[in-house]
Amino acid sequence: MRLPPFEYQAPSTLDEALKIKRGQGAAAQILAGGTDLIVNFKHRLFSPATVISLNNIAELKRIEVTHDALVLGAGASLAEVASHPAVNEHFPILVKAIDSIGALGIQRFRGTIGGNLLLQPRCIFYNQSHYWRMSKGLCHRTGGKDCLALEGSDSCHSICSGDTVPTLLALSAQLALAGGGGKRVAPLAEFFTGRGESPWNIMPEEILTEIRIPLPWAPISWSYQRLALRPAVDFPLVNAAAAAIVEKGKLEHFRLVIAALGPAPMVLREVEARLKGAAPTREALDLAQDAAVRVAEGVVVANASASKEYRIQMAGALARRATGEALGLA
Amino acid sequence: MRNLFRRSDMQKHLLTMRVNGEQVELAVRPNATLLDVLREDLELTGVKEGCSEGACGACAVLMNNEPIRSCLTLALEANGAEILTIEGLATGGRLHPLQEAFVEQGAVQCGFCTPGMILSSKALLDRNPQPNDEDIKTALAGSFCRCTGYAKILEAVRAARDGDVGNEGS
């Protein structure tokens, strides 16, 4: 399959890349690993005037530990992140999430951590060839005014499918973005809009530069759960991540996230609030499952390769498993 | 389809890389994939185009010793890189042990997936000389074979791992 025509620039500094982005805005598209974006180009989902490659920007590939955080350059490859000693020491859950991405020969060495986070949300009516899509009407994301998965919907319900997303959210990650007025840092939890046609709170002139994960003040117990038709290559049908800190028998910190349901990952704050401060008991499992099913019911539509009802029920099952494993109740 | 008409306007860029040990320098369109350049400009047709979306593994090559999908990599992204295709694997007229193992174990039928399978296996054995079956399956996940059923391919990689090659006819 051929790619649409575009100009190509591969600046060697972030400043140069930002300058091009400032000049061209959304007409210039950032290329990190390209393992998903190139497919989207081939399907004519995007036809940018310019592609800005981040490949030559060394400062975006740094991984370092500061006094209070693990800082991942957005352009660090998945292989570099997963093999980094500090990542393995502090956040083995992230290694597990990265191991579950696609296939080693596809994403592992070319794909980047920033790219997985900014994976374009997916939908069975959207991630198709141009030819296939010509047989259907346009949708919110392809220039139309409807949703092919949920008729009459006023926004797009594509699925946030990055495997690292729920994990990084469970670890309370923050993002650093460079753009117009310098650098800003934002919690990952506030980054997703919930609308598939414009899924992130990011300006056209901005570039994601870093993912910062705060170092925990006590050992974290965790779980990453993922359901897909095949363990390799396929995107998740549902995934879930939980992170907990238990001290002296009391749950001091807990975060449970379910994702791959709709355009935004869902943090189950209600479960967190109910469980914190007490000793974890098996009631937590039912609580997590019920909350996940309720949240999923409000988000999931029939736009994946498994049915809506199945994904809703499995959101509950995965939330239950994640909670059980993270709290040592399984 | 206005895009079709913009094609000739695209400015070509100079691409320098090492392919199978040889320095190459050529002018390429920004929207050419590494697959396009290897097959069409360098005539290395051992690199196959299957699904063209990354999911089949037929186009796998090694870039700086790592397995990548040449169909998902812009040619210009390979600037300065070392590329190995199946054509570069035999040395001095002798097949690489993995190639021998694939032949001896009957791991080649139609042959379309073979270059990707062998290169992905080579990257695995270079990283981990003693892979177990799980490691081999992980390394080859996403490489599709529609003939053999994979058993023979696994056997071939095991044979290459164990140095059990060169026994044909014995």
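So, how was this worked out
Residues numbered from 1 in each chain as written. Chains lettered and ligands numbered in written order. Predicted model: local features only at pLDDT ≥ 70, side-chain atom pairs only at ≥ 80, totals over all residues. Domains from an automatic or database assignment. Contact = placed C-beta atoms within 7 Å. Helix = DSSP H or I, 4+ residues; strand = E, 2+ residues; numbered from the N terminus. Nonpolar A, V, L, I, M, F, W, Y, C, P; charged D, E, K, R; others polar. Pairing = 2+ DSSP bridges. Axes fitted to C-alpha atoms, helices over the stretch in contact; angles between N-to-C directions. Buried ≥ 20, exposed ≤ 12 C-beta atoms within 10 Å, placed from the backbone. Arc of directions from axis to C-beta.

### Quick notes on the domain arrangement of chain A
All names here are of chain A.
And then number 1: Each domain of chain A was delimited in the assignment, giving domain 1 (7-55), domain 2 (63-118 + 159-214) and domain 3 (221-326).
And then number 2: The gap between the C-alpha centroids of domain 2 and domain 3 is 20 Å.
And then number 3: With 24 residues of domain 2 at the contact, the number on the domain 3 side is 25 residues.
And then number 4: Of all the elements in the fold, those that place two or more residues in the side of domain 2 that touches domain 3 are helix 5 (92-99) and helix 9 (164-170).
And then number 5: With 5 residues, helix 9 is the largest single contributor of residues to the side of domain 2 that touches domain 3.
And then number 6: When the residues that make up the side of domain 2 that touches domain 3 are grouped by side-chain class, the tally is 13 nonpolar, 8 polar and 3 charged.

### Remarks on the sheet that holds strand 5 (residues 82-84) of chain B
Residues and elements named next belong to chain B.
And then number 1: Strand order in the open sheet formed by 5 strands is 2-1-5-3-4, and the pairing between neighbours is mixed. At either end of the open sheet lies a strand with only one pairing partner, and these are strand 2 (22-28) and strand 4 (66-69). Put simply, the sheet's adjacent strands are angled 40° from each other on average, direction ignored.
And then number 2: By the bridge criterion, 2 bridges tie strand 3 (residues 60-63) to strand 5 in an arrangement that is antiparallel. Its bridge partner lying in strand 5, Met63 is registered against Ile83.
And then number 3: The sheet strands contacting helix 4 (residues 114-127) are strand 3, strand 4 and strand 5, and the helix crosses strand 3 at an angle near 35°.

### Some thoughts on helix 5 of chain A
Residues and elements named next belong to chain A.
And then number 1: For helix 5, the complete set of buried residues consists of Ile93, Leu94, Ala97 and Ile98. Taken down its axis, helix 5 places every buried residue within 140° of arc, on the same side.
And then number 2: Lining the buried residues of helix 5 we find helix 3 (78-83), helix 4 (85-90), helix 9, strand 9 (221-227) and strand 10 (238-247).

### Points about the interface of chain A and chain B
And then number 1: Tallying the contact residues gives 26 residues for chain A and 30 residues for chain B.
And then number 2: At the level of secondary structure, the elements contributing two or more residues to the side of chain A that touches chain B comprise strand 1 (7-9), helix 2 (37-42), strand 3 (50-53) and helix 6 (104-108) of chain A.
And then number 3: Each residue belonging to the side of chain A that touches chain B can be placed in one class, and the counts come to 16 nonpolar, 7 polar and 3 charged.

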